[in-house]
Amino acid sequence: MDHLNEEALCRDALQVEAAVLELDKVGLNIKTEQNALTRRKICRVRYLHVLWVHASPEELTIHYVRERQKILQPTAKVFSLQNSATSSTRLDAWVQLLLHRAYGESKSRKKLKIFLNPSSGKGTAVKLFCKYAEPLFVAAQCQVDIQETSYSGQAGELVRAHLEIDSWDAIVCCSGDGLPHEVINGLALRNDAGHILRKIPIVQLPGGSGNALCVNMFGTTSISLAALYTIKGVTHPMDLMSITQGDKRHISFLSQNLGLLAECDLDTEGIRFLGGKRFAVGLLQRLLKPPVYGCKLATYSASNQCSRDSMGDQSCDQTKEMCQHGLPDLQFGTVNDPVPDGWKLEHLETLGVFFAGKFPFVDATSKVFPSARLDGLLDILTVDAGIGARKLLQLFSKAERGTHLTMPEAQYRKVLAYRVVPSRTHGAFSVDGERFPIKPFQVEVHPQMGMTLTTPPIVG
Ligand SMILES: Nc1ncnc2c1ncn2[C@@H]1O[C@H](COP(=O)(O)OP(=O)(O)OP(=O)(O)O)[C@@H](O)[C@H]1O
């Protein structure tokens, strides 16, 4: 390396013993010489994959991941600085530059509260976490506080009572969508719910059968990629919803699902070992004789009044102001109040599917709400039970790509709030994938009242 001295190197390159480390637009290039005369070997590491870097007077260590088929393997390279002429100031500046490019806007060395649900999905969440996610958090120097839940409700109790919750950079649920639902509802019971829900990102590592939060925010079902995106993720607000039923108020972040598709989820618990495939099995079992879930539907939509978009940030700011402490007041009252003026009433006597949601994907492969976004509105899909097996199958196979809305049988609405009064008293109704009783319910959106993490821009 004699031909390369420090002056000859630009600010982005660092000479260490037997190697030159260069930072270009997309990553770090480690150029090592094979022997004194011959070719150089170049190892390229994307900034996304750099987890941590630290330097002592003797050596420089770079922790990064190697990606093979969506599985990330943490690894480290150590470079001797013994005979290096590089000054410590320059070394520090280079390390800071690399860390800055590796993390961008994302906070490095996050403090993470991690809940593992041993009963999620096929029951492998804990094993998968230990094998594919934890080593990445360790290599990235995250402070992790890991808790395997012992019973349903424990994570909710803990986040409700925890005094120093403000110090967590994210709450990570290695689970299905039920545990994030539980955590959000635990936070919602705090006196400072409005502040905390808005501040602390809730993140999912895919450990269940649906894993919709992870798929929507990180675009993956790989647990190691989701762990990397948690390490490198940037904060992203999410709309939350209040659902009132009887005298209770719950918070929902994902969906409300009544009828055929809820049965495919809730009534297939016996074939849990199939993982995500149990939804498809449930659908095939019901295709020829889909259940009928007639209901009265009242909706308050963007066309009834100005849309949330045209209201700009106003409604969001109002929610912010209202909920600095506990939850905001309900704008449309509860399900026990008379239906507010100006709502549109429909009687869907032969309804088969009622599905309302806030994110495009409801599980890893079903893009039921292709136009759902952070707009303060809720998307609703209804399908009549009498459309026939062929059309039903066509509709749900198209939903994989979100192209089902071109079918006239798929009724799609965007609303600010709605109420459903089911005709039945038994059957399947789920909120964020969790079973709820079949009773009248009313839902309204709280724009940007929640927080999560999304993939950093350097994912490209
Ligand atoms: N240790 C535990 N034992 C039993 N149930 C638990 C435990 N910890 C959490 N739970 C409950 O398990 C329920 C389901 O959790 P989760 O969504 O993580 O799994 P899942 O139902 O398999 O996933 P999916 O929603 O993707 O199907 C939640 O209501 C949660 O409160």
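Residues numbered from 1 in each chain as written. Predicted model: local features only at pLDDT ≥ 70, side-chain atom pairs only at ≥ 80, totals over all residues. Heavy atoms only, no water.

Those places that UniProt annotates as "domain: DAGKc" (unreviewed entry) correspond, in this numbering, to residues 107-247. For residues 107-247, the end-to-end C-alpha separation is 41 Å, with 41% helix and 25% strand making up the annotated structure. (UniProt positions renumbered as here; feature names shortened; annotations may be inferred. Helix = DSSP H or I, 4+ residues; strand = E, 2+ residues; numbered from the N terminus.)

A word on the site of the ligand. Surrounding the ligand, one finds 23 residues, the nearest of these being Gly121, Gly178, Glu182, Gly210 and Glu434. At 2.5 Å from an oxygen atom of the ligand is found a main-chain nitrogen or oxygen belonging to Gly121. The contact in question runs from an oxygen atom of the ligand to an N or O atom on the side chain of Glu434, over 2.5 Å. With the chains in place, 84% of the 630 Å² that the ligand exposes on its own is no longer accessible. Split by residue class, the shell around the ligand holds three nonpolar, 15 polar and five charged. (Near = heavy atom within 4 Å. Polar contact = N/O pair within 3.5 Å; in protein donor to acceptor, adjacent residues only side chain to side chain. Areas by Shrake-Rupley, 256 points an atom, 1.4 Å probe, with all protein chains shown as cover. Nonpolar A, V, L, I, M, F, W, Y, C, P; charged D, E, K, R; others polar.)

At a minimum axis separation of 9 Å, helix H2 (residues 125-139) and helix H7 (residues 223-232) run at an interaxial angle of 30°. Relative to H7, the element H2 is oriented roughly parallel. Both H2 and H7 take part in a crossing whose hand is right-handed. Here Leu128, Phe129, Tyr132, Ala133, Leu136 and Phe137 of H2 come into contact with H7, specifically with Ile223, Ser224, Ala227, Leu228, Thr230 and Ile231. In terms of residue class, the contact of H2 with H7 is made up of 10 nonpolar, two polar and no charged. (Axes fitted to C-alpha atoms, helices over the stretch in contact; angles between N-to-C directions. Parallel < 35°, antiparallel > 145°, perpendicular 65-115°, else oblique. Left-handed = near helix turned anticlockwise from the far one by under 90°. Contact = heavy atoms within 4.5 Å.)

Once that is clear, we can look at the confidence of the model for the chain. Chain-level statistics for the chain give a pLDDT mean of 90 and a share of 90% at 70 or above. Counted against residues more than four places away or in other chains, residues 1-9, with its pLDDT under 50, gives 22 contacts. Below pLDDT 50 for its whole length, residues 306-314 participates in 12 contacts with residues either more than four positions away or in separate chains. (pLDDT = per-residue confidence, 0-100.)

This brings us to unusual backbone geometry. Even without a glycine there, the phi angle at Ala18 is positive, about 65°. Note that Ala18 resides in the loop between strand S1 (13-16) and strand S2 (19-23). Positive phi, close to 50°, is recorded for Arg109, a residue that is not glycine. Residue position: Arg109 is located in the loop between helix H1 (88-103) and strand S8 (111-116).

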